[in-house]
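# Summary of the model geometry
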Amino acid sequence: MAGTQRQSDPHPPAARERPTTVTITGAGGQIGYALLFRIAAGEMLGPDRPVRLKLLEIPQGVRSAEGAALELQDCAFPLLREVDVTDDPLAAFDGCSIAMLVGARPRGPGMERADLLAANAGIFGPQGAAINAAAADDIRVVAVGNPANTNALIAAASAPDVPADRFTALTRLDHNRAIGQLSEALAVLPDEISGLAIWGNHSASQFPDVSHARVRDEPVIDALAARLGDRAAADAWLDEVFIPRVAKRGAEIIEVRGSSSVASAANAAIEHVRDEQAGTAWTSAAVVSRGEYGVPEGLVSSFPVYSDGAGYRVVEGLPLDARARERIDVSVAELVAERDAVRALGVL
Ligand code: NAD
Ligand code: LMR
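Computed from a predicted model, the values in this text were never measured in an experiment.

### Digging into the domain arrangement of the protein
- As assigned here, the protein comprises domain 1 (15–169) and domain 2 (172–344).
- Between domain 1 and domain 2, the C-alpha centre-to-centre distance is 24 Å.
- Between domain 1 and domain 2, the contact holds 33 residues from the first and 43 residues from the second.
- Counting each side, the surface lost to burial between domain 1 and domain 2 is near 2900 Å², with a carbon and sulfur contribution of 62%.
- At the boundary of domain 1 and domain 2, one finds two salt bridges.
- A salt bridge links Glu-276 to Arg-140; its shortest N-O distance comes to 3.9 Å.

Here it is, written out as structure tokens:
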């Protein structure tokens, strides 16, 4: 038509794309609050993927999640298509492609993770069943709420139609903590360290393993020996300082803050999902064992993993010395005990 100017499209292709549904349980809690705004800003799925957020809470937590939803609207994030708040798991997981299972009872001062098993078993079973019934075919799940590994196991067992390898648990926080400690000890930047591995349970029994780690092109163990004097001093630092510091960092945060880690946990959960979806050469995550490294099949245990964008896979074929084998066995024994305790409750 003469005289008519064609308007430039106000919505770039990304804005027209079908949104990815991300469900966050416990969204009215502390980690939820630290997650929502970063996900809505595109920090988890990238600037090309619009999101629809579904926030699941228990009735007492709904108002808090509704308040967060109001604030999300007030941010006017271009990628955020919709926010639903509900206390109904079936509605929350309807069409969900990414489930972040955060809602759980956090550990308080003096509590051990084992105390939380019974309290949390009743949460993750019904949520797994709701995922089974309502989630999208491409569903991927990460359990953050503790005891995270066993909660993921329970959710997976309650979702028989969903491939078990879609269920993971968060040990990226432990991985990041280990890198933080090493970067300080070696006076290097965190991204100069690679090949770090967390094995086993997200608990004090975990094994943060530097035996395959490198700082730039040098083995971390050699860099530590050079900095601390010799190999014996490096081994002593690893055994007496590094491993316990990383493994007990959650308790240290609780002691200092008075409640468990929040922003660092949310950051790790975002990185876990981001790297699983986008691909990564090497990180740590708890995944369903297929018997790798002798970890009993079906347990959700942390391993060094990679992703080609289609889910985390265990990095196989790494040599393990006797000390590493012993530490992994201790943590895996704890996972077996947690699984057996949950079985005794009749949940699995
Ligand atoms: P929080 O108490 O602030 O929030 C938990 C929220 O979950 C609350 O709003 C509560 O109402 C909700 N909730 C409880 N039961 C629910 C259910 N059945 N369905 C939906 N929502 C439910 O706690 P937080 O600080 O956000 O921590 C959450 C969990 O994450 C805790 O279990 C904590 O131990 C764990 N955590 C894990 C890691 C990790 O690295 N894996 C790190 C830090 C914290
Ligand atoms: C953490 O690692 O910070 C959390 O899992 C809290 C805890 O209980 O250790």
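### Notes on the pattern of salt bridges
- In this structure the tally under the stated criterion is 20 salt bridges.
- Between Arg-172 and Glu-271 there is a salt bridge; the shortest N-O distance is 3.6 Å. You can see Arg-172 sitting in helix H7 (residues 172–186) and its partner Glu-271 sitting in helix H11 (residues 263–278), a full 99 residues away along the chain.
- Here Arg-343 makes a salt bridge to Asp-340, at a shortest N to O gap of 3.9 Å. Of the two residues, Arg-343 and Asp-340 are both situated in helix H12 (residues 322–344); the distance of three residues between them amounts to about one turn of the helix.
- Overall, the relative accessible area of 35% leaves Asp-340 in the partly exposed class.
- In the salt-bridge network here, residues are joined through shared partners; they are Arg-172, Glu-271, Arg-274 and Asp-275.

### With respect to the site of ligand 1
- Lining the immediate environment of ligand 1, one finds 23 residues, of which Gln-30, Ile-31, Glu-57, Val-144 and Asn-146 sit closest.
- Gly-29 is positioned such that a nitrogen or oxygen atom in its backbone is 3.3 Å from an oxygen atom of ligand 1.
- One of the side-chain N or O atoms of Asn-146 is found 2.9 Å from an oxygen atom in ligand 1.
- Alone, ligand 1 offers 870 Å² of accessible surface; in the complex the protein occludes 88% of this.
- Within the residue set of the shell around ligand 1, elements represented by two or more residues are helix H2 (30–40) and helix H5 (116–134).
- Of the residues assigned to the shell around ligand 1, the class counts are 11 nonpolar, 10 polar and two charged.
- When residues of the shell around ligand 1 are assigned to domains, at least three map to each of domain 1 (15–169) and domain 2 (172–344).

Thresholds applied
- Residues numbered from 1 in each chain as written.
- Chains lettered and ligands numbered in written order.
- Predicted model: local features only at pLDDT ≥ 70, side-chain atom pairs only at ≥ 80, totals over all residues.
- Heavy atoms only, no water.
- Domains from an automatic or database assignment.
- Contact = heavy atoms within 4.5 Å.
- Buried area = accessible area lost by both parts, 1.4 Å probe.
- Salt bridge = Lys/Arg side-chain N within 4 Å of Asp/Glu carboxyl O.
- Helix = DSSP H or I, 4+ residues; strand = E, 2+ residues; numbered from the N terminus.
- Buried < 20%, exposed > 50% of the residue type's maximum accessible area, 1.4 Å probe, protein only.
- Near = heavy atom within 4 Å.
- Polar contact = N/O pair within 3.5 Å; in protein donor to acceptor, adjacent residues only side chain to side chain.
- Areas by Shrake-Rupley, 256 points an atom, 1.4 Å probe, with all protein chains shown as cover.
- Nonpolar A, V, L, I, M, F, W, Y, C, P; charged D, E, K, R; others polar.

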